[in-house]
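Spelled out, the chains give:
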Amino acid sequence: MPEGDTIFRTARAMGRALIGKPVTVFRSTYPMLTRFDDDTPLAGQTVDQVESRGKWLLIHFSSGGTLATHMLMSGSWHIYRHGERWQQPRQNMRIVLENAEYVTVGFRVPVAKMLKHHELERALRIPSAVIDVLSDNFDAAEVSTRLLKCRDEEIGDVLLHQEVIAGVGNVFKSEICFVTATSPFCKVPALGAEKIATLIATSRRLVKANVLEDSGDAIVTYGGRKRRTTHESDPGASLWVYGRAGEPCRKCGELIRRRIQGPDARVTFWCQQCQPMPDGSEIDG
Ligand SMILES: [Zn+2]
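Let's shift gears to the overall build of the chain. Counting its regular elements, the chain contains 7 helices and 10 strands. On C-alpha atoms alone, the chain measures out to a radius of gyration of 21 Å, which is about the 19 Å that the 2.2 N^0.38 rule sets for 285 residues. Structurally, the chain occupies a C-alpha span of about 65 × 45 × 30 Å along its principal axes. The 285 residues of the chain split such that 49% are buried. Summarising the internal contacts of the chain: among those between residues at least 6 apart in sequence, 59% fall at separations of at least 24. Of the roughly 13,800 Å² that the chain leaves accessible, carbon and sulfur atoms contribute 49%.

This is the structure we're talking about:
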């Protein structure tokens with residue numbers, strides 16, 4: 001699944017291609033979208049805004065309609081110049097939105113809906129901006145309140161709850177726990193207020209650092225490596241723990257462990273030495 005920072009970048013690039021320009025063509029393989037377009041034609045309207053909200057990408061049109069797409073595992077938006085060759089087969093096309101300059105194509109986008117702006121948050125359970133790590137309206141106190149309600153859950157699972165804190169994906173989850181010296185298997189009540197505040201601030205800082213203009217496509221949390229030439233073959237080269245099972249911890253040399261965690265069986269990486277359980281218990285890797 002794309003992480004929140006990936007959707008944020010897509011929204012930024014799509015915004016540059018679409019905002020303020022009249023739509024010339026709209027096409028979709030989804031009947032619900034074409035029906036909406038029959039009633040309220042999108043051609044001729046202007047795109048007012050493109051934004052990411054958690055893992056949703058929202059395209060707001062001047063008529064007050066919003067196209068909401070969720071990529072899940074398979075979907076992606078591409079931006080092409082007219083006449084440019086698509087990088088995916090035509091049968092993967094689900095949505096096309098064109099203006100005079102660009103053709104934007106949603107490939108294998110599994111979830112797509114047209115909604116009125118006021119219907120959005122309720123209809124799609126789109127995370128409110130106050131809990132979105134990439135939003136200017138982020139409210140750490142609100143996130144803290146929501147997090148503390150997850151009493152019986154392990155922090156590694158809670159960081160993935162989009163209704164608690166939106167935009168942290170599975171890679172960031174392990175990295176945030178490492179950077180804050182937190183065991184991902186520690187239950188919320190054992191964390192303490194100070195640790196929770198640090199976890200929230202770190203979540204924001206790490207995800208935001210990865211949407212800077214020059215930050216490239218890979219997630220980077222570990223900057224100790226000067227040249228990232230082996231990058232393609234080694235996705236863990238710019239990370240503290242994720243994808244590094246069996247390799248030495250960058251801080252203490254202990255071997256990084258890997259374990260499947262939580263009801264959704266997501267993979268978690270951690271260092272037992274740097275991220276001990278508060279009660280000193282050991283978790284098997
Ligand atoms: Zn360590």
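Now for the layout of surface pockets. Computed from the structure, the largest pocket encloses a volume of approximately 470 Å³. Surrounding the largest pocket, 20 residues form its lining, Leu160, His161, Gln162, Glu163 and Asp264 being those nearest its centre. Here the residues of the lining of the largest pocket are counted per class, giving 8 nonpolar, 6 polar and 6 charged.

Before going further, it helps to examine the coordination of the zinc ion. Surrounding the zinc ion are the protein donor atoms Cys249 (SG), Cys252 (SG), Cys271 (SG) and Cys274 (SG), at 2.2 to 2.4 Å. Around the zinc ion sit 4 donor atoms, and with donor-metal-donor angles ranging over 99 to 114° the site reads as tetrahedral. The class of cysteine 252 is partly exposed, set by a relative accessible area of 37%.

Let us look at the pattern of salt bridges. For side chains bearing opposite charge, pairing can occur when the charged atoms are close. One pass over the structure, following the stated rule, counts 6 salt bridges. The shortest N-O distance in the salt bridge between glutamate 254 and arginine 257 comes to 3.8 Å. Judged by its relative accessible area of 27%, glutamate 254 is partly exposed.

Here we come to the packing of aromatic side chains. Tallied over the full model, the rule gives 5 aromatic pairs. Each ring, one from phenylalanine 178 and one from tryptophan 240, has its centre 5.3 Å from the other, and the planes form 25°; the classification is stacked. Of this pair, phenylalanine 178 sits in helix H6 (residues 170-179) while tryptophan 240 is found in the loop between helix H7 (193-209) and strand S9 (257-261), placing the two residues 62 residues apart along the sequence. Both residues of the pair, phenylalanine 178 and tryptophan 240, count as buried. Between phenylalanine 185 and tryptophan 270, the aromatic rings sit 4.7 Å apart at their centres with planes inclined by 75°, giving edge-to-face as the arrangement. Of this pair, phenylalanine 185 sits in the loop between H6 and H7 while tryptophan 270 sits in strand S10 (residues 266-270); the two residues are 85 residues apart in sequence, bridging distant segments of the chain. Members of the aromatic cluster, connected to one another through ring pairs, are Tyr80, Trp86 and Phe107.

Let us look at the nonpolar core. Judged by nonpolar contacts, the single largest core of 32 residues is most densely connected at Leu147, Ile155, Ile165 and Val168. When contributions to this core are tallied by element, the ones reaching two or more residues are helix H4 (140-148), helix H5 (155-158), H6 and H7. Of all the elements, H7 adds the most residues to this core, at 5 residues. Those residues within four positions of leucine 147 in sequence are excluded, and the remaining contacts are Ile155, Val158, Val164, Val188, Ile196 and Ile200. Judged by nonpolar contacts, the second largest core, of 24 residues, contains Phe26, Leu67, Tyr102 and Val109.

Taking 1.5 Å of rise per residue, the 17 residues of H7 would be expected to cover 24 Å, and the 24 Å separating its terminal C-alpha atoms lies within 8% of that figure. Within H7, the full set of buried residues consists of Ile196, Leu199, Ile200, Thr202, Ser203, Leu206 and Val207. Seen along its axis, H7 keeps its buried residues to an arc of 165°; they face one direction. Structural note: H7 exposes Ala193 and Glu194 on the side pointing more than 90 degrees away from its buried face.

Positive phi outside glycine occurs at arginine 108, with the angle close to 50°. Position of arginine 108 among the secondary structure elements: in the loop between strand S7 (102-107) and strand S8 (111-116). Residue class for arginine 108 comes out partly exposed when judged on its relative accessible area of 40%. Even without a glycine there, the phi angle at alanine 181 is positive, about 55°. Assignment of secondary structure puts alanine 181 in the loop between H6 and H7.

Inspection of the secondary structure puts arginine 244 in the loop between H7 and S9. The buried category is assigned to arginine 244, whose relative accessible area is 5%. The residues contacting arginine 244, other than those within four sequence positions of it, are Gly236, Leu239, Cys249, Arg250, Ile256 and Phe269.

Within the secondary structure, aspartate 132 is located in the loop between helix H3 (120-124) and H4. Considered as a pair, aspartate 132 and threonine 10 are 122 residues apart in the sequence and their alpha carbons are 16 Å apart. Aspartate 132 has contacts with Ser52, Arg53, Gly54, Phe138 and Ala166, leaving out every residue within four places of it along the chain.

The rules behind these values
- Residues numbered from 1 in each chain as written.
- Predicted model: local features only at pLDDT ≥ 70, side-chain atom pairs only at ≥ 80, totals over all residues.
- Heavy atoms only, no water.
- Helix = DSSP H or I, 4+ residues; strand = E, 2+ residues; numbered from the N terminus.
- Rg over C-alpha atoms; globule rule 2.2 N^0.38 Å.
- Buried < 20%, exposed > 50% of the residue type's maximum accessible area, 1.4 Å probe, protein only.
- Contact = heavy atoms within 4.5 Å.
- Areas by Shrake-Rupley, 256 points an atom, 1.4 Å probe, with all protein chains shown as cover.
- 1 Å grid on protein atoms, 1.4 Å probe; cavity = no way out; pocket = protein on both sides within 12 Å on 5 of 7 lines; lining within 4 Å.
- Points joined across faces, edges and corners; volume = space filled by probe spheres on them.
- Nonpolar A, V, L, I, M, F, W, Y, C, P; charged D, E, K, R; others polar.
- Donors = N, O, S within 2.8 Å, 3.2 Å for Na, K, Ca; no water.
- Tetrahedral: all angles 85-135°; square planar, octahedral: opposite > 155°, others 65-115°.
- Salt bridge = Lys/Arg side-chain N within 4 Å of Asp/Glu carboxyl O.
- Phe/Tyr/Trp six-rings, centres within 6.5 Å; stacked < 30°, edge-to-face > 60°.
- Core = buried A, V, L, I, M, F, W, Y, C linked by side-chain atoms within 4.5 Å.
- Expected span 1.5 Å × (residues − 1).
- Arc of directions from axis to C-beta.

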